[in-house]
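Next come the chains, spelled out residue by residue.
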Amino acid sequence: MTSNQPFVLKWGIISTGRIAMEFVKDLLVDPKTRGTTDVAHKIVAVGSRSVESAQKFITAYAPNESGIKAYGTYNEVYADPDVSAVYIGTPHTLHYENALAALEAGKHVLCEKATTSNAAELKALLKLAKEKKLFFMEALWTRFHPLTLELKRIAEEGTLGDPVVVHADLSADFHIESLPLNHRMLDPKLGGGALLDLGPYPLFWAMLALYEHPSNQNAPPSSIVGSIVKTPITGVDASTSFTLNFTEHLQAQAILSCSMQVPSPNFGATIRYKNGNILVKPPIFRSPAFTVQYYDKPGGDVVREETKSFSYVGGGWHYEADEVARCIRDGKLESSLWGHEKSFIMMEVFDEVRRQGKYYLPEGVEKVDRVQ
Ligand SMILES: NC(=O)c1ccc[n+]([C@@H]2O[C@H](COP(=O)([O-])OP(=O)(O)OC[C@H]3O[C@@H](n4cnc5c(N)ncnc54)[C@H](OP(=O)(O)O)[C@@H]3O)[C@@H](O)[C@H]2O)c1
């Protein structure tokens, strides 16, 4: 291979659900359409609980690709010597066992959010990945969007001052009254509820705006307060709110919420600084635009506003795939943009909110005991 050819990452796909479909469609988007020329992607295998489903998935979403292997078990994907990296798109509470098996088989891993059932499971996975010198990343795709990179640049170049308050919500009406009880949003065995499914996104904006802010000096949240409303249908959380304080180096607070019973409110995410605001347009997992408002003086009037919009070919999942490919090409074990410690803090926050809200997963679901 000559140096001007892209590094091609060979993927194995675990599961054939909705998000696996979105990810696969994006892997097949020509990287040049987003200005990427140094890495590219090849789907080598798809694993499902049935070979028919794997084959149907390939036919439906990769009809023009030749040679993708359809497997009726996930283990066959992990064992396939052609597969370099595994994408895990199963329900949350299966991520641990799927990622564990992939790492044990020597594969790099990109794992959907919420990364695991609890922080202890994630800790065990991260330890194994490091021991085996394999790359591991949570599929927090929003972190890699051009919008996020530009927003972070503006947020941290100094004019806005330190962040003080973040408000963020992600909700959607899943019409849970009509869902089967074993649907992943309702079934406690699958980690059902709003928090683990929708909560990663409001929390992501707090992590970006507060945790990642240079003035915070990488200090984790100093306190976490959570409140959960459970659905009587299965007892999983229907609506959850949680507040994080970052007070070691900032005097900042994030006010976050998610619900699976109503659509998102219009505000998306708002980050309030001493000298202005950043308003992130919904949906906050794939925002199309943000507006920066500048005050004339701290606490003063808005005297200047600038809106930046972003578009690209595809759904936006390919940016995280490019990051994985670059990291693996360069021999990195974690991403510098969305590294292990951020995923771990997120899982610790979810553990704490569930503890305060008395949302316990059924016996045996958490494969590693909670971090004490
Ligand atoms: N990044 C994002 O934008 C995004 C968006 C939505 C969801 N997610 C995350 O992706 C994960 C999956 O969400 P999804 O919406 O794709 O779910 P989904 O449509 O229900 O797909 C999950 C897939 O997992 C496999 N699976 C294995 N055991 C299962 C079980 N006991 N019950 C149900 N499915 C089982 C199935 O594939 P096979 O039958 O082929 O084995 C199923 O199709 C969740 O962790 C979620 O948080 C991420």
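These numbers come from a predicted model, not from an experiment. (Residues numbered from 1 in each chain as written. Predicted model: local features only at pLDDT ≥ 70, side-chain atom pairs only at ≥ 80, totals over all residues. Heavy atoms only, no water.)

Now for the overall build of the protein. Along its length, the protein carries 10 helices and 14 strands. By the compact-globule yardstick of 21 Å for 372 residues, the protein fits well, its C-alpha radius of gyration being 20 Å. For the protein, the spread of C-alpha atoms along the principal axes amounts to about 60 × 55 × 40 Å. Every one of the 372 residues in the protein was classed for burial, and the buried ones make up 54%. Pairs at least 24 apart in sequence give 69% of the contacts found in the protein among residues at least 6 apart. Looking at the protein as shown, the accessible area adds up to about 15,500 Å², and 52% of this sits on carbon and sulfur atoms. Looking at the protein, you have 38 positive and 43 negative side-chain charges, and the mean spots of the two groups are 2 Å apart. (Helix = DSSP H or I, 4+ residues; strand = E, 2+ residues; numbered from the N terminus. Rg over C-alpha atoms; globule rule 2.2 N^0.38 Å. Buried < 20%, exposed > 50% of the residue type's maximum accessible area, 1.4 Å probe, protein only. Contact = heavy atoms within 4.5 Å. Areas by Shrake-Rupley, 256 points an atom, 1.4 Å probe, with all protein chains shown as cover. Lys, Arg positive; Asp, Glu negative; His and termini not counted. Charge placed at Lys NZ, Arg CZ, Asp CG, Glu CD.)

A word on the pattern of salt bridges. Considering all chains together, one arrives at 21 salt bridges under this definition. Linking Arg18 and Glu22 is a salt bridge whose minimum nitrogen-to-oxygen distance equals 3.4 Å. Remark: Glu22 and Arg18 occur in helix 1 (residues 18-27); sequence separation between them is four residues, near one turn of the helix. According to the relative accessible area criterion, Arg18 is exposed, its value standing at 59%. (Salt bridge = Lys/Arg side-chain N within 4 Å of Asp/Glu carboxyl O.)

For the rest of this paragraph, the subject is the nonpolar core. Trp11, Ile13, Phe136, Leu203, Trp205 and Ile278 are the most contacted members of the largest nonpolar core, which has 116 residues in total. Among the elements that make up this core, the one with the highest residue count is helix 8 (residues 200-211) (10 residues). Shared between two domains, this core holds at least three residues of each, these being domain 1 (7-142 + 317-338) and domain 2 (146-309 + 346-356). Contacts of Leu203, omitting those with residues within four sequence positions, involve Phe242, Leu244, Leu256, Met346, Val349 and Phe350. (Core = buried A, V, L, I, M, F, W, Y, C linked by side-chain atoms within 4.5 Å. Domains from an automatic or database assignment.)

Right, let's talk about the site of the ligand for a bit. Taken together, 23 residues lie around the ligand, and Thr16, Ile19, Ser48, Tyr74 and Lys113 are the ones closest in. In this structure, an oxygen atom belonging to the ligand sits 3.3 Å away from a main-chain N or O atom of Thr90. A distance of 3.2 Å separates an oxygen atom of the ligand from a polar side-chain atom of Asp197. Relative to its free-state accessible area of 890 Å², the ligand is covered by the protein chains to the extent of 82%. (Near = heavy atom within 4 Å. Polar contact = N/O pair within 3.5 Å; in protein donor to acceptor, adjacent residues only side chain to side chain.)

Below, the discussion takes up unusual backbone geometry. A cis amide bond links Lys113 with the next residue in sequence, Ala114, at an omega value of -15°. As for its placement among the helices and strands, Ala114 is situated in the loop between strand 5 (108-111) and helix 5 (119-131). Pro282 connects to Pro283 through a cis peptide bond whose omega is 0°. Topologically, Pro283 is positioned in the loop between strand 12 (276-280) and strand 13 (289-295). Residue Lys358 is not a glycine yet carries a positive backbone phi of 55°. In this structure, Lys358 sits in the segment after helix 10 (340-356).

Once that is clear, we can look at the packing of helix 8 against helix 10. One can describe the packing of helix 8 onto helix 10 by two numbers: an axis separation of 11 Å at closest approach and a directional angle of 125°. Considering their axes alone, helix 8 and helix 10 lie oblique with respect to each other. Considering the relative orientation of helix 8 and helix 10, their crossing is right-handed. Here helix 8 contributes Pro200, Leu203, Phe204, Met207 and Tyr211 to the contact with helix 10, which in turn contributes Glu341, Lys342, Ile345, Met346, Val349 and Phe350. Residue classes in the contact of helix 8 with helix 10 are distributed as nine nonpolar, no polar and two charged. (Axes fitted to C-alpha atoms, helices over the stretch in contact; angles between N-to-C directions. Parallel < 35°, antiparallel > 145°, perpendicular 65-115°, else oblique. Left-handed = near helix turned anticlockwise from the far one by under 90°. Nonpolar A, V, L, I, M, F, W, Y, C, P; charged D, E, K, R; others polar.)

The UniProt record marks residues 149-271 with the feature "domain: GFO/IDH/MocA-like oxidoreductase" (unreviewed entry), using the residue numbering of this structure. In this annotation, residues 149-271 is assigned 20% helix and 31% strand; the end-to-end C-alpha distance for the span is 15 Å. (UniProt positions renumbered as here; feature names shortened; annotations may be inferred.)

Summed over the entire model, instances satisfying the criterion amount to one cavity of 30 Å³ or more. As a volume, the largest cavity reaches approximately 40 Å³. Every residue along the wall of the largest cavity is listed here: Leu151, Lys152, Ala155, Glu156, Leu208, Ala209, His213, Ile271 and Tyr273. Those elements that provide at least two residues to the lining of the largest cavity are helix 6 (146-156), helix 8 and strand 11 (269-273). A per-class count over the lining of the largest cavity returns six nonpolar, one polar and two charged. (1 Å grid on protein atoms, 1.4 Å probe; cavity = no way out; pocket = protein on both sides within 12 Å on 5 of 7 lines; lining within 4 Å. Points joined across faces, edges and corners; volume = space filled by probe spheres on them.)

Our focus in this paragraph is the layout of surface pockets. One number sums up the size of the largest pocket: a volume of about 950 Å³. Looking at the largest pocket, it is lined by 35 residues, and the ones nearest its centre are Arg18, Ile19, Gly89, Arg184 and Asp197. Mapped by element, the contributors of at least two residues to the lining of the largest pocket are helix 1, helix 4 (92-104), strand 7 (163-171) and helix 7 (194-198). Tallied by class, residues from the lining of the largest pocket come to 14 nonpolar, 12 polar and nine charged. Of the domains in this structure, domain 1 (7-142 + 317-338) and domain 2 (146-309 + 346-356) are the two that each give at least three residues to the lining of the largest pocket.

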